[in-house]
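Each chain, written out:
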Amino acid sequence: MQRLAKPGKTLLGSDSHTCANGCMGMLAIGAGGIDVAMAIAGEPYYVKMPQIMGVKLTGDLPDWVSAKDVILEMLRRHDVKGGVGKIIEYYGPGLKHLSAMDRHVIANMGAELGATATVFPSDKVVKQFLKQQGREDEWTELTPDQGATYDIHEEIDLSSLEPLIAKPSSPGNVVPVSELKGEPIYQSYIGSSANPGYRDFAIAADIVKGKTIAEGLSFDINPTSRQLLTQLVDNGHIASLLAAGARMHQAGCNGCIGMGQAPATGRNSLRTTPRNFPGRSGTKEDSVFLCSPETAAASALTGEITDPRTLDMKYPTVNEPKSDHTDGLLEAPPKPSGASVELEKGPNITSIPNFSPIENHFELPVLLKMGDNISTDEILAGGSRVLPFRSNIQKISTFTFEIIDEAYYERAMKARDDGGHMVVGGVNYGQGSSREHAALAPRYLGLKVVLVKDFARIHLQNLINFGILPLRFAHTSDYEKIDQGTVLSFENVHEAIQRSNRFDVKIKDSDETITVEHDLTDRHIDIVLAGGIINWMKNKSNLTS
Amino acid sequence: MTGSQDMRCKACDGSGLLMDDEEWRYTCSICNGDGFVSKYEAAENDIVDTDITNRTLE
């Protein structure tokens, strides 16, 4: 937001909180790694047109209530799936009371609503922010049309809000802070993309200034950029925090994603972070509450969940300093042409091998027959044993399907030399985490076809992206005809998948056939026949170069 | 202590936590967070939703 966001532009990023940049009048969407790579290569990003939820903001935030309470109110009303398939657009007279960073706070946790994106207008407030960053010339005005209508209407009277808090273990589990008054806490955590601004840290510093935090409490401060940290130092806020007993950490995500500062099991942790799903903090049985910096700082003083309005002090006023720091980037920007740049790779960073396109006629043994709801954790778990090798396809593939069958890797490597293999599954195959390695690793081992009763949507896309043919049983009873070791014969596959979404496959050494179906679009078919999206992209580049 | 009926969960290596593609931690879905998988324990395949941005919904 500070250095790169521009009004009127689209932004695709591999972080789920990319959407925060909607605060600047951008269409900012989080997506998977391969989608982002394709966009960098100039390809469009495809998304089903969302509905637009218009949220009219009126009134003004009372003292001690801040932007975090606005998005917590949205979560209270709509919960974690309430934004799915929607873009949330904020408008109305209440907007003028929200700074650009306030809007960042609100747009950021649109991800927790499940929204595709969140959009704010690019108005004088955004212009002022860009001016403070020395980027005023990058501002353009972008506001809703007169009389714009929305698919869904919502309204929030900012004046009616009170300090809110999300209880463990969901961002949607929101109640007034006053309902939890007196609950003891062990940790208070300031920072993260959900409260990243100067105001968020400065207000916490002013609340604890001249006082001492509660005994036995860990008050953790995680600045969100070097630029911000420098401003906080220059304006005395770091000194206030340290004097009160805070622990300073370097700028970064840190404890928000479980990288350090993990709370003690079952002990309450108050955080200004965006998520409190079980285990996110790095502690299995954690008890994490999500709140505003005001609530977190007030509670740090008392050692228990505290409504900041009950503090015996005037609500601090924070003035944004002018930013004259342009050293946000430690390294120089990339050169205009990357052709001469030498990539230095460590031993655990290898190249993705070239995958051959799928053949037209082939026979494949079934190396695994699985049941329902096979998750990507069962295909390739993202644990500490495995993830260090995520850039080393040769190594990470050794862990594929080990949860289900430890011998799979050996069988797959043998079958790879003979043309590859297929697997069979039940309903909802590939559910859970979106990790692409759950398709890439088996593909490396020679997986060419996945035949199931039905697919989880994201894993289906990953299979296509890596050139694996995803098929469904037209008659689920045919699942019983196949066992591990069965060999299926595929004839004229190229023509078959283009001609129709249904064709027959023969069981080798028998008279039986199985009818299979696919849900591939024309684009998906092109990608699968090319051997995956990377090949498809390379072929396109050769045609146009 | 590991009993003969229980095995250290391979997925999470006994930690009870896995990570998604952004390194967000989550409770291991294989052992349900306790770090061990008992051979007498029936596998629970809870259905997990994902949203349009490829993220797990919980």
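Per-chain numbering applies: the sequence of each chain, read as written, is numbered from 1 onward. The naming scheme follows written order: chains are lettered A onward, ligands numbered 1 onward. Per-residue local features of the predicted model are confined to residues with pLDDT of at least 70, and side-chain atom pairs are confined, for both listing and counting, to 80 or more; whole-chain, interface and lining totals are unaffected and use all residues.

Caption draft 1: Spatial organisation of the overall build of chain A. Only DSSP runs of H or I reaching four residues or more are called helices, and only runs of E reaching two or more are called strands; each is numbered from the N terminus. What chain A contains, in helices and strands, is 16 helices and 20 strands. For the radius of gyration, the atoms used are the C-alpha atoms, and the globule rule reads 2.2 Å times the number of residues raised to 0.38. A compact globule built from 545 residues would reach a C-alpha radius of gyration of about 24 Å, and chain A, at 26 Å, matches this within 12%. Reported as C-alpha extents along the three principal axes, the dimensions of chain A are approximately 85 × 50 × 50 Å. Counting other C-beta atoms within 10 Å of a residue's own tells you its class, since 20 or more makes it buried, 12 or fewer makes it exposed, and anything in between is partly exposed; those C-beta atoms are placed from the backbone. Scored against the burial criterion, the 545 residues of chain A give a buried share of 49%.

Caption draft 2: Layout of the environment of Arg135 of chain A. Residues and elements named next belong to chain A. With respect to the helices and strands, Arg135 occurs in the loop between helix 4 (124–132) and strand 6 (152–157). Note on Arg135: 18 C-beta atoms within 10 Å, which makes it partly exposed. Taking the C-alpha atoms as reference points, Arg135 and Gly338, separated by 203 residues in sequence, lie 26 Å from one another.

Caption draft 3: Expanded view of the nonpolar core. Residue and element names in this part refer to chain A. Residues Ile165, Ala204 and Val208 are the most contacted members of the largest nonpolar core, which totals 82 residues. Examining the composition of this core, we find that eight residues originate from one element, helix 5 (residues 198–208), more than from any other. Residue ranges assigned to the domains are those given by an automatic or database domain assignment. Here this core spans two domains, and each of domain 1 (10–161) and domain 2 (174–310) adds at least three residues to it. Apart from residues lying up to four places away in sequence, Ala204 is in contact with Ile190, Pro293, Ala296 and Ala297. Any set of buried Ala, Val, Leu, Ile, Met, Phe, Trp, Tyr and Cys residues joined through C-beta atoms within 7 Å is what this text calls a nonpolar core. Once C-beta atoms are placed from the backbone, any two residues with those atoms within 7 Å are in contact.

Caption draft 4: Seen up close, the sheet that holds strand 6 of chain A. All names here are of chain A. For two strands to be treated as a pair, DSSP must find no fewer than two bridges joining them. Read across the sheet, four strands follow the order 5-4-3-6 without closing on themselves; strand pairing throughout is parallel. Two strands lie at the open edges of the sheet, namely strand 5 (117–119) and strand 6, each paired on one side alone. Across the sheet, the axes of successive neighbouring strands diverge by a mean angle of 20°, strand direction being ignored. Sheet topology places strand 3 (residues 51–58) next to strand 6; six bridges connect them, and they run parallel. Following the sheet pairing, Thr58 is matched in strand 6 by Asp157. An axis is simply a line fitted to the C-alpha atoms; with a helix, the fit covers only the stretch in contact. Between two such axes, the angle follows the N-to-C directions and lies from 0 to 180 degrees.

Caption draft 5: Expanded view of the domain arrangement of chain A. On domain assignment, one finds that chain A holds domain 1 (10–161), domain 2 (174–310) and domain 3 (362–544). One C-alpha centre belongs to domain 2 of chain A, the other to domain 3 of chain A; they are set 45 Å apart.

Caption draft 6: Molecular detail of the pairing of strand 15 (residues 421–424) of chain A. Residue and element names in this part refer to chain A. Side chains His421 and Val423 project from strand 15 onto one buried face, and the interleaved Met422 and Val424 project onto a second face that is buried too. Direction of pairing for strand 14 (residues 362–369) relative to strand 15: parallel, over a ladder of three bridges. For Val366, the partnering residue across the bridge sits in strand 15 and is Met422. Two elements, strand 15 and strand 16 (residues 447–452), share four bridges in a ladder whose sense is parallel. The residue of strand 16 that forms the bridge with Val424 is Leu451. We call a crossover right-handed when, viewed with the strands running away from us, the connection from the first strand over the helix to the second turns clockwise. Handedness of the crossover joining strand 15 and strand 16 through helix 12 (residues 437–444): right-handed.

Caption draft 7: Main features of helix 1 (residues 33–40) of chain A. For helix 1 of chain A, the set of buried residues is Ile34, Asp35 and Met38 of chain A. All buried residues of helix 1 of chain A project into a common sector of 105° when viewed along the axis, lining one side. This arc describes the spread of directions from the helix axis toward the C-beta atoms.

Caption draft 8: How the structure looks around the interface of chain B and chain A. Taken together, the contact between chain B and chain A spans 32 residues of the former and 45 residues of the latter. Where the side of chain B that touches chain A is concerned, the elements lending two or more residues are strand 2 (17–19), strand 3 (25–27) and strand 6 (56–57) of chain B. Following the grouping adopted for this structure description, the nonpolar residues are Ala, Val, Leu, Ile, Met, Phe, Trp, Tyr, Cys and Pro, the charged ones are Asp, Glu, Lys and Arg, and the polar ones are all others, Gly among them. When its residues are assigned to classes, the side of chain B that touches chain A shows twelve nonpolar, ten polar and ten charged.

Caption draft 9: Spotlight on the sheet that holds strand 20 (residues 513–517) of chain A. All names here are of chain A. Taking strand neighbours around the barrel as the criterion, the seven strands line up as 14-15-16-17-20-19-18 in a closed arrangement whose pairing is mixed. Along the sheet, successive strands turn relative to each other by an average axial angle of 40°, direction set aside. Pairing of strand 16 with strand 17 (residues 469–473), which is carried by four bridges, proceeds in the parallel orientation. Counted as the bridge partner of Leu451 is Leu471 from strand 17.

Caption draft 10: Structural detail: helix 5 of chain A. Residues and elements named next belong to chain A. The element helix 5 is largely enclosed, with a buried count of eleven among its eleven residues. Every buried residue of helix 5 is accounted for by Tyr198, Arg199, Asp200, Phe201, Ala202, Ile203, Ala204, Ala205, Asp206, Ile207 and Val208. Buried-residue contacts for helix 5 involve helix 3 (100–108), strand 9 (187–191), helix 6 (226–234), helix 7 (237–244) and helix 8 (293–302). Downstream of helix 5 by one or two residues, Gly210 has phi in the positive range, about 80°.

Caption draft 11: Focus on the pairing of strand 4 (residues 86–91) of chain A. All names here are of chain A. The pairing of strand 3 with strand 4 spans six bridges and is parallel. Within strand 4, the residue paired with Ile52 across the bridge is Ile87. Taken together, strand 3, helix 2 (residues 67–78) and strand 4 constitute a β-α-β crossover, and its handedness is right-handed. For strand 4 and strand 5, the ladder comprises three bridges, and the chain directions are parallel.

Caption draft 12: Region of interest: unusual backbone geometry. Residue and element names in this part refer to chain A. The omega angle of the peptide bond from Pro168 to Ser169 is -10°, so this bond is cis rather than trans. In this fold, Ser169 is placed in the loop between strand 7 (164–166) and strand 8 (174–176). Of note in the backbone geometry, Asp79 takes a positive phi value of approximately 60° without being a glycine. Tracing the backbone through its elements, the reader meets Asp79 in the loop between helix 2 and strand 4.

Caption draft 13: Region of interest: the environment of Tyr150 of chain A. Residue and element names in this part refer to chain A. Take Tyr150: it is sitting in the loop between helix 4 and strand 6. Overall, Tyr150 belongs to the partly exposed group, with 18 C-beta atoms counted inside 10 Å. Through-space distance from the C-alpha of Tyr150 to that of Met53 is 6.0 Å; in sequence the pair is 97 residues apart. Once you skip the residues sitting within four places of it in the chain, Tyr150 turns out to touch Ile52, Met53, Gly54 and Glu89.

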